[in-house]
Amino acid sequence: MNAFYEHHKDNIRFAYRCFDRILLHATIQPFQQEQRAVGFFWSYRQIYPVSRQVLRDIATQYHNWAKNRSQKWGVAIQEDPPGRRDDFVERYFRRAQPDQVVAIIKAREPATIMTAIGKDDRWHLEMKRRWVEQYNFYVQDSRWGQMFVRVCPHFPFSARVCLNQHYWLALRMQKEGIRFQQCANAFVQCSDPEALQKLADSLTADEMITCAQKWLVRFTPFFTSEERKHACVQHRLFFAQIEYCDNLIFRRRAAVDALEQRLLDANRTIGQPNKLTLIFGRRVTRRHGGKLQTVIEDLNLSNPVIRSHYRKGFLKQYVRDRFILRTETATNNISTDYGIGKAVENLPQLRQRLSGIIDRYLEVQQDILETFVDREQLHQLTQPTILPNGRRIPGLKLDQPRQLALMHSLLRFCYLAAEGTFTTRDLYPQTLQALQMTPEQYKLASLRYDLWKLRAKGLVEKIAHSRRYRLLAHGYQICLVFLKLYEKIYAPLTAAILQPFAADQSIPREKITALDRRYTAVIQALDDLVDVVGLKAA
């Protein structure tokens with residue numbers, strides 16, 4: 001149980017985690033090699049050479065098959081609709097029967113197809129990426145519920161299979177007799193949350209493979225059963241896109257709204273999130289590609305989204321269906337982002353990795369919301385440190401600009417969820433930016449000295465046999481404490497006392513923000529305390 005859930009559990013009715021959207025890429029691997037495709041046509045169809053006309057005839061046969069099937073099923077083939085396809089086909093699922101094709105959408109989309117190059121009797125095959133018309137079959141599966149299969153009519157019939165574990169769970173809970181209420185793509189009520197989570201964790205790769213193969217065989221009639229058996233022309237499945245979500249269902253709308261506002265405020269100010277790094281448990285190298293930042297999106301909508309990017313993956317947090325705080329991590333390339341093979345057989349490792357990312361993210365969010373350091377720790381941080389060789393390292397000061405700028409850089413670059421490492425040169429540009437100084441005013445050697453002070457206090461550690469450092473977990477918390485104390489308490493109060501803005505006195509109380517009213521109350525309390533103690537202005 002992560003710290004975030006532990007802290008807010010009194011306001012949470014129940015929680016569960018599961019995969020959300022699962023997009024699988026299906027390919028017949030033998031036909032990714034042109035020579036094996038030629039061998040198939042010669043051995044099983046007695047066709048040689050494989051010319052451009054042969055491949056065109058195969059595509060034409062598929063288009064004719066799709067037209068005939070649509071008439072037999074009583075499902076018209078429709079052109080690509082404007083807007084989201086899921087919204088368009090939703091009405092077709094309302095009265096769907098198990099294992100029924102409810103809609104077919106034909107759309108022009110990119111696919112990898114086999115092309116023939118040459119003339120007369122001299123042809124060779126090559127795999128090319130082309131924009132072609134593909135068929136999206138929307139299906140009400142007996143075990144997976146709503147899903148779709150996209151098939152390319154051109155040889156070798158690459159495909160996409162889209163599943164959603166929420167629909168799979170709904171059918172499993174109905175079978176188990178568990179009462180629940182499903183709202184859009186989430187569960188807002190459940191009579192047995194523990195059973196729900198056990199069912200979610202019980203999903204195996206075989207469940208996905210069985211479902212996908214059933215429909216892929218049905219939607220690729222080009223191959224006979226004999227060819228599938230002896231020529232190994234079965235589609236193999238790989239993860240193309242995966243989403244894994246953590247859902248916290250709150251008891252009251254007011255509680256989740258208040259929490260959302262605190263998260264948005266904290267992520268907007270602590271560490272400047274529009275430039276903040278969030279690394280998903282992997283080191284960033286010089287060859288890093290893709291986004292590496294955290295932003296707050298859709299601020300004009302009722303439910304803004306905190307979105308953190310890493311390579312081709314991202315993690316987002318938002319409120320949905322009024323009572324649910326959802327934290328969702330997703331990727332378009334699990335191999336690059338997480339170092340896990342794309343084959344669906346790697347589902348257990350993928351689930352563990354995605355769940356760990358969400359745990360670390362929520363724990364960091366809780367550190368931002370509630371950061372505690374006892375008085376003795378704070379006192380020790382302000383005291384000098386004497387190294388074993390007798391060298392004296394100054395203590396940390398609450399209002400030291402260089403120290404605060406370095407802490408900002410650490411939080412921006414080495415988010416705790418990252419478990420990442422950094423060098424002084426990595427931190428240098430962000431620290432200069434925070435200080436608003438030039439390299440001549442604040443040299444790299446000065447940064448190394450300031451970082452040395454944090455090392456002496458045990459907030460940062462140096463990785464053995466390298467020039468890299470790592471921000472420790474308690475070091476992350478300490479940096480947050482100092483930044484909060486300075487930015488939220490010390491700086492605003494001293495500014496209000498030493499340089500009060502006269503125009504503030506004329507603003508009606510009902511128009512003053514809640515935060516400013518609290519600062520005013522603190523200042524008034526300090527004035528009363530000074531008066532009771534008997535301090536007088538000189």
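Per-chain numbering applies: the sequence of each chain, read as written, is numbered from 1 onward. Thresholds applied to this predicted model are a pLDDT of at least 70 for local features of residues and 80 or more for the giving and counting of side-chain atom pairs; totals over whole chains, interfaces and linings are not thresholded and use all residues. The basis for every side-chain value is the complete set of heavy atoms in the structure, and neither hydrogens nor water enter the calculation.

## Structural notes on the overall build of the protein
The cut-off we apply is this: Here a helix means four or more residues in a row that DSSP labels H or I, a strand means two or more in a row labelled E, and each is numbered from the N terminus. The cut-offs for exposure are 20% and 50% of the maximum accessible area for each residue type, with area from a 1.4 Å probe on protein chains only; residues under the lower value are buried, those over the upper are exposed, and the others partly exposed. Pairs of residues are marked as contacts when any of their non-hydrogen atoms sit within 4.5 Å. For accessible areas, the Shrake-Rupley method is used with a probe of radius 1.4 Å. Any residue's cover is judged against the shown protein chains and nothing else.
The secondary structure content of the protein amounts to 17 helices and 17 strands. Within the span of the protein, comprising 538 residues, buried residues form 48% of the whole. Restricting to contacts in the protein with at least 6 residues of sequence separation, those with at least 24 account for 67%. Of the accessible surface of the protein, which amounts to about 28000 Å², a share of 49% is contributed by carbon and sulfur atoms.

## Quick word on empty space enclosed by the protein
Where empty space is left in the structure can be found by rolling a water-sized probe over the atoms. Applicable threshold: Site definitions follow a grid-based scheme: protein atoms alone, a 1 Å grid, a 1.4 Å probe that fits but cannot get out for cavities, and for pockets an open set with protein on both sides within 12 Å along at least five of seven lines, plus lining residues having an atom within 4 Å of a point. Grid points are joined across faces, edges and corners, and a volume is the space filled by probe spheres set on the points. Gly is put with the polar residues, along with every residue not named as nonpolar or charged; the nonpolar set is Ala, Val, Leu, Ile, Met, Phe, Trp, Tyr, Cys and Pro, and the charged set is Asp, Glu, Lys and Arg.
According to the stated counting rule, one finds three cavities of 30 Å³ or more in the structure shown. Quantified by volume, the largest cavity comes out at close to 50 Å³. Forming the walls of the largest cavity are Glu260, Leu263, Leu264, Pro304, Ile306, Gln317, Tyr318, Val319 and Leu325. Here the lining of the largest cavity is composed, by residue class, of seven nonpolar, one polar and one charged. In this structure, the second largest cavity is lined by Leu396, Gln403, Leu406, Asp450, Lys453 and Leu454. Going through the elements one at a time, α13 (401-413) and α15 (444-456) are the ones with two or more residues in the lining of the second largest cavity. A per-class count over the lining of the second largest cavity returns three nonpolar, one polar and two charged.

## Topic: helix α7 (residues 205-219)
To keep it simple, the criterion reads: Under the convention used throughout, the expected extent of a helix is 1.5 Å for every residue step, that is, one less than its residue count.
Taking 1.5 Å of rise per residue, the 15 residues of α7 would be expected to cover 21 Å, and the 21 Å separating its terminal C-alpha atoms lies within 8% of that figure. The complete set of buried residues in α7 reads Ala205, Met208, Cys211, Ala212, Gln213, Trp215, Leu216 and Phe219.

## Topic: the nonpolar core
Which entries qualify depends on this criterion: We call a set of buried residues a nonpolar core when its members are Ala, Val, Leu, Ile, Met, Phe, Trp, Tyr or Cys and they connect through side-chain atoms within 4.5 Å of each other.
Of all hydrophobic cores here, the largest spans 95 residues; its most connected members are Phe155, Phe219 and Phe239. Ignoring any residue separated from it by four or fewer positions in sequence, one finds Phe219 in contact with Tyr62, Trp65, Trp73, Val101, Phe137, Val139, Val149 and Val151. If you look at the next biggest cluster of nonpolar residues, it comprises 28 residues, including Leu396, Met407, Leu447 and Leu483.

## Comments concerning the packing of helix α14 (residues 424-435) against α15
The line we're drawing: Between N-to-C directions, angles span 0 to 180 degrees; the directions come from axes that are lines fitted to C-alpha atoms, helices contributing only their stretch in contact. Here roughly perpendicular refers to angles of 65 to 115 degrees, roughly parallel to angles under 35, roughly antiparallel to angles over 145, and oblique to all remaining angles.
Relative to each other, α14 and α15 sit at 105°, their axes nearing to 10 Å. Here α14 lies roughly perpendicular to α15, going by the angle between them. Here Thr424, Arg425, Leu427, Tyr428 and Thr431 of α14 come into contact with α15, specifically with Leu444, Leu447, Arg448 and Leu451. Each residue belonging to the contact of α14 with α15 can be placed in one class, and the counts come to five nonpolar, two polar and two charged.

## Focus on the packing of helix α5 (residues 165-176) against helix α6 (residues 193-201)
Filter applied, for reference: By convention the crossing between two helices is left-handed if the near helix lies anticlockwise of the far one by an angle smaller than a right angle, and right-handed if it lies clockwise.
Their axes nearest at 10 Å, the elements α5 and α6 cross at an angle of 125°. For the element pair α5 / α6, the angle class is oblique. Crossing handedness for the pair α5 and α6: right-handed. Contacts from Gln165, Trp168, Leu169, Arg172, Met173 and Glu176 of α5 reach α6 at Leu196, Leu199 and Ala200.

## Details of the packing of aromatic side chains
The following threshold applies: What counts as a ring pair is set by centres within 6.5 Å for rings of Phe, Tyr and Trp (its six-membered ring), and what kind of pair is set by the plane angle: stacked under 30 degrees, edge-to-face over 60, tilted for all other angles. Charges are assigned to positions over rings by a cutoff of 6 Å between ring centre and Lys NZ or Arg CZ, combined with an angular limit of 35 degrees from the ring normal.
Within the structure shown, the criterion is met by 32 aromatic pairs. Taken together, a centroid distance of 6.3 Å and an interplanar angle of 25° make the contact between Tyr135 and Phe137 stacked. As far as burial versus exposure is concerned, Tyr135 and Phe137 are alike and both buried. Note on Phe155 and Phe222: the rings are 6.0 Å apart at their centroids and 70° apart in plane angle, and the pair reads as edge-to-face. Of the two residues, Phe155 is situated in the loop between β5 (145-151) and β6 (159-164) and Phe222 in the loop between α7 and α8 (225-230); the sequence distance between them amounts to 67 residues. Comparing Phe155 with Phe222, the two get one shared label, buried. Taking NZ or CZ as reference, Arg45 lies 4.2 Å from the ring centre of Phe222, over its face.

## Quick word on the pairing of strand β3 (residues 100-119)
Look at any regular strand and the pattern is simple: side chains alternate between the two faces of the sheet. Where we set the bar: The pairing criterion for strands is at least two bridges between them, as found by DSSP.
As paired elements, strand β2 (residues 77-79) and β3 share three bridges and run parallel to each other. The partner of Ile77 across the bridge, within β3, is Ile104. Pairing between β3 and strand β4 (residues 122-141): 19 bridges, direction antiparallel. The residue of β4 that forms the bridge with Ala111 is Arg130. Taking the residues between adjacent antiparallel strands as the criterion, β3 and β4 are bridged by two residues, where Asp120 takes a positive phi near 55°.

## Thoughts on the layout of surface pockets
Its boundaries defined by the atoms lining it, the largest pocket holds a volume of some 1100 Å³. Its residues placed into classes, the lining of the largest pocket shows 14 nonpolar, seven polar and 13 charged.

## As for the state of the cysteines
The term disulfide refers to a covalent linkage connecting the sulfur atoms of a pair of cysteines. To keep it simple, the criterion reads: Disulfide: a pair of cysteine sulfur atoms within 2.5 Å of each other.
Within the structure shown, the criterion is met by zero disulfides. Not engaged in a disulfide, the cysteine Cys18 finds its nearest cysteine sulfur in Cys245; these two sulfurs lie 4.2 Å apart. The class for Cys18 is buried, based on a relative accessible area of 1%.

## Let's talk about a positive patch on the surface
As a reminder of what qualifies: Each patch is built from residues lacking any salt bridge and having more than 30% relative accessible area; the joining distance is 9 Å for like charges and 5 Å for nonpolar side chains (Val, Leu, Ile, Met, Phe, Trp, Tyr). The term salt bridge refers to a pairing of a side-chain nitrogen on Lys or Arg with a carboxyl oxygen on Asp or Glu at a separation within 4 Å. Counted as positive: Lys and Arg. Counted as negative: Asp and Glu. His and the chain ends are not counted at all. Lys charges are placed at NZ, Arg charges at CZ, Asp charges at CG and Glu charges at CD.
Taken together, the side chains of Arg425, Arg448, Arg455, Lys462 and Arg467 present a region of like positive charge at the surface. Positionally, Arg467 belongs in the loop between β16 (460-462) and β17 (469-471). A relative accessible area of 72% places Arg467 in the exposed class.

## A closer look at the pattern of salt bridges
Scanning the model with the defined rule gives 20 salt bridges in all. A salt bridge links Lys128 to Glu126; its shortest N-O distance comes to 3.1 Å. The exposure class assigned to Lys128 is partly exposed, which follows from its relative accessible area of 28%. When salt bridges that share partners are traced, they join Asp80, Arg85, Glu109 and Arg150 into one network.

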